[in-house]
Amino acid sequence: MPKIDTADGPVWKRRQTPKQLMIWFGWLIAVAIAAYAWHLISEKTVWFFVWDAPRQMLDISTRMVPPAWSYMDVLWKPVWDTINIATIGSMIAMAIAIPVAFAAAHNTTPHRLVRAGALFIIVSTRSINSLVWALLLVVVVGPGVLAGTLAIGIRSIGGCAKLLYEGIEEINQTQVEAIEATGASPAQKMIYGVLPQVLPTFAGVGVFRWDVNVRGSTILGIVGAGGIGVQLNASINTLAWTQVSMILLVILGAVILSEWISAKVRHAII
Amino acid sequence: MSPPTSPYPNSWKKPHFIKNPLLRWGLILGTAIYVALALGTMEVNWIRVWEGLPRGQRLLAAFFPPNFSDTRGVIIDGILESIWMAIIATIGGIVLSVPVGLGAARNLSPRWVYLFCRFIVASSRTFPEIIVAIFAVKFFGFGPFAGFIALSIGTVGFFAKLLAEDIEAMNKTQAEAVRSTGSSWFQWINYAIQPQVMPRMIGLSLYRLDINFRESAVVGIVGAGGIGAHLITSISRYEYDTTAAILLVIIAIVISLEYTSGYLRKWVQ
C-alpha cells in the first residue's frame, strides 16, 4: 500500500499509480472489445423481432401449458434410446480412451512419438462438438441411434483421455519404484504399481463423462442422430407446444437424475 | 527334509477394486444385462450402414485437400461472427452472473435471496445450450443475437455457481477484519471478498470463453448465428472439402484458445 505525502498529511492508496493505470488500461481495452463485439452483433440483429420477444415468450409459454402428459407413452422409447446413447457411447469412449491416456501420460508412454500421436487424437476428438460429429456420422451410417452413439463415443475419447492422462501423471512414483525393486516386469509394474492408484480416477472420470453425455445425447436428434431430440425437433417444427413442454420436462428429469447418480457414485468412490 | 511350514501365507493376491464380492458381481452382472438390453433394443439399419461405408470413404477422400478458397467469403465471416459472439456472450454472462453469484453465496445473502439465486443458477444450468438456442431463435429471430442470449444464459449458470462456491470457501477472517473497520456493504465486497476470488474468476472467465467459442460454432445449426450454419450448409451441399476447411479452422482456434487461456491462467494465479 503506497503512501502519498500531501500538504494535509499522508494519504493511503490501494495500489501504486503505474499499476493502477495499467488496470484502468486493461479495463479500457475490455470495454472497447465488448463495445465493438456488441456493435457487430447488433448490426446483424433485426431489432423488431427482439422487441417483439416478450410477447412471443408469453404467447409460447401459454401454449406450452398444460404439458401433454399422454405424450409420455410415445416418449419412453426415445428416453431409453437417449440413455443408451450416453451409456454405450461412454463405454466405447472409455475403452479407447484408457490406452490413449496411457500413451499420452509422461510417465507411462512408450515413446515420445507415440505420445505426440495420442495427444493429437485427444485434441482433435475433443475440439469438435458431438453435434458436428453426429452431422458427419449421419451422412456415413445413416440417421439413427448408431450415429448418435458413435458421435458421443468419438467426442468423449478426447474428453475422457485428457482427464485420465492427467490422473496418471499425478500418481505416486515411489509405489511404482517399490514394485520395480521386487524385480517386476513392465506389465507387472503397470498392474500392481500404476493401475491400483488410477482406478478410482478412471471410475470417477467415466461416471462424470456419462453425466455430461446424458445432457449431450438429448440434443443429437436435432441432426437426426437418435434419442429424444428427434421428438423435440419434430414437435417444435409442427408447433406442438404442449408436446415440447412435456419433452422439456422429461429432459429436465433425465439431467437431474444423471447428475444425482453421478454425484452419488463419485462420492462413494473418492 | 520337508520344508518348514510357515504360519504366513506364501502367495498374495491383489485386492479387488470393489471389495464386497456381492456388490462386485452384482455390478458386473447388472452391466452385462443392461448392455445386452441396450444393444438388443438399438434399432440399427445394417444395410444402410453397409451402404454408407463407401460413402464414408468418399467423405474422407473429399476432405483432402481441404478447400480454404472460401469463394463466397462465408467461412471467414462465420468464424468472426462466432468469435465475437463468444466474446460478448462471455462478457454479458459474467456481468449478469456477478450479482447472481453474490446472491447465491450462503455466507453473504439472506435466505430468500440465496434460494432465488440458486434457482436461477440451477435453471440456467439444466438445459444444453443448443436447446436454449432453439428457443432464443424462436423468441429473438435468426442471427447471432439469439446465440448471444443462449450462450450468456449458459455462462450465468456456470460462472455464478463457481463464484458462489468460491465465496463460500473464502477466508472468513479477512472479511471480518474489513467489516470491523466499519465498512459499508459495497466496501466490504470490494476490499474483502473481491481480492480473494478475483484470480480464480479471471481464470474461469478465460475457460468459459473457450467453452463459449466451442458452443458458438454449433449454435448456428439451429439458426443462432456463427459458423455452424455454414458448416451444415456445406455438408448438405456435399461440399466436403469446405466442411474439412471449416472443421480445421475450428480446431485451430479451439487449440490456440485453449493454450492461450491455459497460459494466461498460469500467469494470473
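Because the structure is a prediction, the values reported are computed rather than measured.

Here is what the cut-offs are and how they apply
- Residues numbered from 1 in each chain as written.
- Chains lettered and ligands numbered in written order.
- Predicted model: local features only at pLDDT ≥ 70, side-chain atom pairs only at ≥ 80, totals over all residues.
- Helix = DSSP H or I, 4+ residues; strand = E, 2+ residues; numbered from the N terminus.
- Contact = placed C-beta atoms within 7 Å.
- Rg over C-alpha atoms; globule rule 2.2 N^0.38 Å.
- Pairing = 2+ DSSP bridges.
- Axes fitted to C-alpha atoms, helices over the stretch in contact; angles between N-to-C directions.
- Parallel < 35°, antiparallel > 145°, perpendicular 65-115°, else oblique.
- Left-handed = near helix turned anticlockwise from the far one by under 90°.
- Nonpolar A, V, L, I, M, F, W, Y, C, P; charged D, E, K, R; others polar.
- Core = buried A, V, L, I, M, F, W, Y, C linked by C-beta atoms within 7 Å.
- Buried ≥ 20, exposed ≤ 12 C-beta atoms within 10 Å, placed from the backbone.
- Domains from an automatic or database assignment.

### Observations regarding the overall build of chain B
- Per the secondary structure count, chain B includes 10 helices and 0 strands.
- Taken from N to C terminus, the helices and strands of chain B fall in the order α-α-α-α-α-α-α-α-α-α.
- At a minimum sequence separation of 6, the contacts of chain B that also span at least 24 residues come to 71%.

### Remarks on the overall build of chain A
- In terms of regular secondary structure, chain A is built from 10 helices and 2 strands.
- Beginning at the N terminus, the succession of helices and strands in chain A can be written as β-β-α-α-α-α-α-α-α-α-α-α.
- A compact globule built from 270 residues should have a C-alpha radius of gyration of about 18 Å, whereas chain A, at 26 Å, is more than 25% larger.
- The dimensions of chain A, computed from C-alpha atoms along their principal axes, are 80 × 75 × 35 Å.

### As for the pairing of strand β2 (residues 9–12) of chain A
- Sheet topology places strand β1 (residues 3–6) of chain A next to β2 of chain A; 4 bridges connect them, and they run antiparallel. The residue bridging Thr6 of chain A from the neighbouring strand is Gly9 of chain A, located in β2 of chain A.

### A word on the packing of helix α3 (residues 72–104) of chain A against helix α10 (residues 241–269) of chain A
Residues and elements named next belong to chain A.
- The contact between α3 and α10 brings their axes to 11 Å, and the two run at 40°. On the basis of the axis angle, α3 is oblique to α10. Every pair of crossing elements has a handedness; the one defined by α3 and α10 is right-handed. Contacts between α3 and α10 pair Met72, Leu75, Val79 and Thr82 from the former with Met246, Ile247, Val250 and Ala254 from the latter.
- Along the lines of polarity and charge, the residues of the contact of α3 with α10 split into 7 nonpolar, 1 polar and no charged.

### Brief notes about the nonpolar core
- With 134 residues, the main nonpolar core has Ala134 and Leu137 of chain A together with Ala133 and Ala136 of chain B as its most contacted residues.
- Among the elements that line this core, the one with the most residues is helix α6 (residues 144–168) of chain B, at 14 residues.
- When residues no more than four places from it in sequence are discounted, the contact partners of Leu137 of chain A are Ala147, Leu150, Ala151 and Ala225 of chain A.

### Focus on the domain arrangement of chain A
- Domain boundaries assigned for chain A yield domain 1 (1–44) and domain 2 (73–269).
- Look at where the C-alpha atoms of domain 1 of chain A and domain 2 of chain A centre, and you get two points 43 Å apart.

### Quick notes on the environment of Asp210 of chain B
Residue and element names in this part refer to chain B.
- On the secondary structure map, Asp210 appears in helix α8 (residues 185–216).
- Note on Asp210: 19 C-beta atoms within 10 Å, which makes it partly exposed.
- For the pair Asp210 and Ile253, spaced 43 residues apart in the sequence, the C-alpha separation amounts to 9.4 Å.
- Setting aside residues up to four positions removed in sequence, Asp210 forms contacts with Leu257, Glu258 and Ser261.

### Some details on the interface of chain B and chain A
- The partner chain A presents 46 residues to the 46 residues of chain B that form the contact.
- If you list the elements that add at least two residues to the side of chain B that touches chain A, you get α1 (21–41), α2 (46–63), α3 (74–103), α5 (129–140), α6, α9 (228–236) and α10 (240–268) of chain B.

### Things to note about unusual backbone geometry
- With an omega of -10°, the peptide bond between Val65 of chain A and Pro66 of chain A qualifies as cis.
- Positionally, Pro66 of chain A belongs in the loop between α2 (47–64) and α3.
- With a phi angle near 60°, Leu239 of chain A is a residue other than glycine that sits in the positive phi range.
- Note that Leu239 of chain A resides in the loop between α9 (228–237) and α10.
- Notably, Tyr238 of chain B is not glycine yet its phi reads approximately 60°, a positive angle.
- For Tyr238 of chain B, the location among the structural elements is in the loop between α9 and α10.
- Residue class for Tyr238 of chain B comes out partly exposed when judged on the 13 C-beta atoms lying within 10 Å of it.

### Quick look at the environment of Pro128 of chain B
- Tracing the sequence through the fold places Pro128 of chain B in the loop between α4 (111–126) and α5.
- Judged by C-beta crowding, with 21 C-beta atoms within 10 Å, Pro128 of chain B ranks as buried.
- When the C-alpha atoms of Pro128 of chain B and Glu215 of chain B are compared, they prove to be 10.0 Å apart, with 87 residues separating the residues in sequence.
- Once residues within four sequence positions are removed from consideration, Pro128 of chain B is found in contact with Arg215, Gly216, Thr218 and Ile219 of chain A.

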